[in-house]
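One letter stands for each residue in the lines below.
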Amino acid sequence: FTHQYVAGAVVALFVEVNSVFLHTRLLLKLAKVAPNSHIYTVNKLLNVVTYVTFRLGAQFYLTWYLIHHYSSLDHALYFLTTMMLMNIMILIYFYRLLRSDFFSKGRPHSSEHKFAED
């Protein structure tokens, strides 16, 4: 509407590249594909690479931009506060993804909490 922050919105849309692999991961789990299968392993690695590149990279670039151009942006405090909350959230999700796909050996899984942990 105001044609402001269009570039930021475009950068934020880069996260959707990773969504393909996150959804594929969920579909593979729902199809009960073995976590040690070739397709699951490839998707797992692509998921982490695209998560770091497109989710973390885009998020931290936008945060950096807001910090460095704080004085020249309208509503910068609102956007920076929102971005910092999203940074915390995205790092928690990244930790959960790594824990679930790479460090889950030896942990007993109860079906009751399966979806809450994944």
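Residues numbered from 1 in each chain as written. Predicted model: local features only at pLDDT ≥ 70, side-chain atom pairs only at ≥ 80, totals over all residues. Heavy atoms only, no water.

1. Structural notes on helix H2 (residues 15-30)
Here H2 spans 23 Å end to end across 16 residues, near enough to the 22 Å set by a 1.5 Å rise per residue. Buried residues belonging to H2 abut helix H1 (6-12), helix H3 (38-68) and helix H4 (76-102). At the exit of H2 stands Lys32, carrying a positive phi of roughly 60°. (Helix = DSSP H or I, 4+ residues; strand = E, 2+ residues; numbered from the N terminus. Expected span 1.5 Å × (residues − 1). Contact = heavy atoms within 4.5 Å.)

2. Quick word on the pattern of salt bridges
In total, this model carries one salt bridge according to the counting rule given. Notably, a salt bridge pairs Arg25 with Asp101, separated by 3.0 Å at the nearest N-O pair. Taken together, the residues Arg25 in helix H2 and Asp101 in helix H4 connect sequence positions 76 residues apart. The pair formed by Arg25 and Asp101 is uniform in burial state, with each residue classed as buried. (Salt bridge = Lys/Arg side-chain N within 4 Å of Asp/Glu carboxyl O. Buried < 20%, exposed > 50% of the residue type's maximum accessible area, 1.4 Å probe, protein only.)

3. Remarks on the packing of H2 against H4
Viewed as axis vectors pointing N to C, H2 and H4 meet at an angle of 40°, and their least axial separation amounts to 14 Å. Compared by their axis directions, H2 and H4 come out oblique. Considering how the two elements wind past one another, H2 and H4 form a crossing that is left-handed. Along the contact surface, H2 presents Leu22, Arg25 and Lys29, while H4 presents Leu97, Ser100 and Asp101. Residues of the contact of H2 with H4, tallied by class, amount to two nonpolar, one polar and three charged. (Axes fitted to C-alpha atoms, helices over the stretch in contact; angles between N-to-C directions. Parallel < 35°, antiparallel > 145°, perpendicular 65-115°, else oblique. Left-handed = near helix turned anticlockwise from the far one by under 90°. Nonpolar A, V, L, I, M, F, W, Y, C, P; charged D, E, K, R; others polar.)

4. A few points about the environment of Ser19
The residue Ser19 is located in helix H2 in this model. One polar contact links Ser19 to Glu16, side chain to side chain, over a distance of 3.1 Å. (Polar contact = N/O pair within 3.5 Å; in protein donor to acceptor, adjacent residues only side chain to side chain.)

5. A look at a nonpolar patch on the surface
Taken together, the side chains of Leu85, Met86, Ile88, Met89, Ile92 and Tyr93 define a hydrophobic patch exposed on the protein surface, amounting to about 580 Å² of accessible area. Along the chain, the position of Leu85 falls in helix H4. According to the relative accessible area criterion, Leu85 is exposed, its value standing at 57%. (Patch = residues over 30% accessible without salt bridge, like charges linked within 9 Å, V, L, I, M, F, W, Y side chains within 5 Å. Areas by Shrake-Rupley, 256 points an atom, 1.4 Å probe, with all protein chains shown as cover.)

6. What about the UniProt feature "transmembrane region" (unreviewed entry) in the protein?
Per the UniProt annotation, the sites labelled "transmembrane region" (unreviewed entry) are residues 6-24, 45-64 and 76-98. Segment residues 6-24 splits into 89% helix and 0% strand. End C-alpha atoms: 29 Å apart. Helix makes up 100% of residues 45-64 and strand 0%. Its end C-alpha atoms lie 27 Å apart. (UniProt positions renumbered as here; feature names shortened; annotations may be inferred.)

7. Comments concerning the side chain of Asn43
Among the secondary structure elements, Asn43 is positioned in helix H3. The class of Asn43 is buried, set by a relative accessible area of 7%. At a separation of 3.3 Å, a polar atom in the side chain of Asn43 contacts the main-chain carbonyl oxygen of Phe21. Dropping the residues within four chain positions of it, Asn43 is found in contact with Phe21, Thr24, Arg25 and Leu28.

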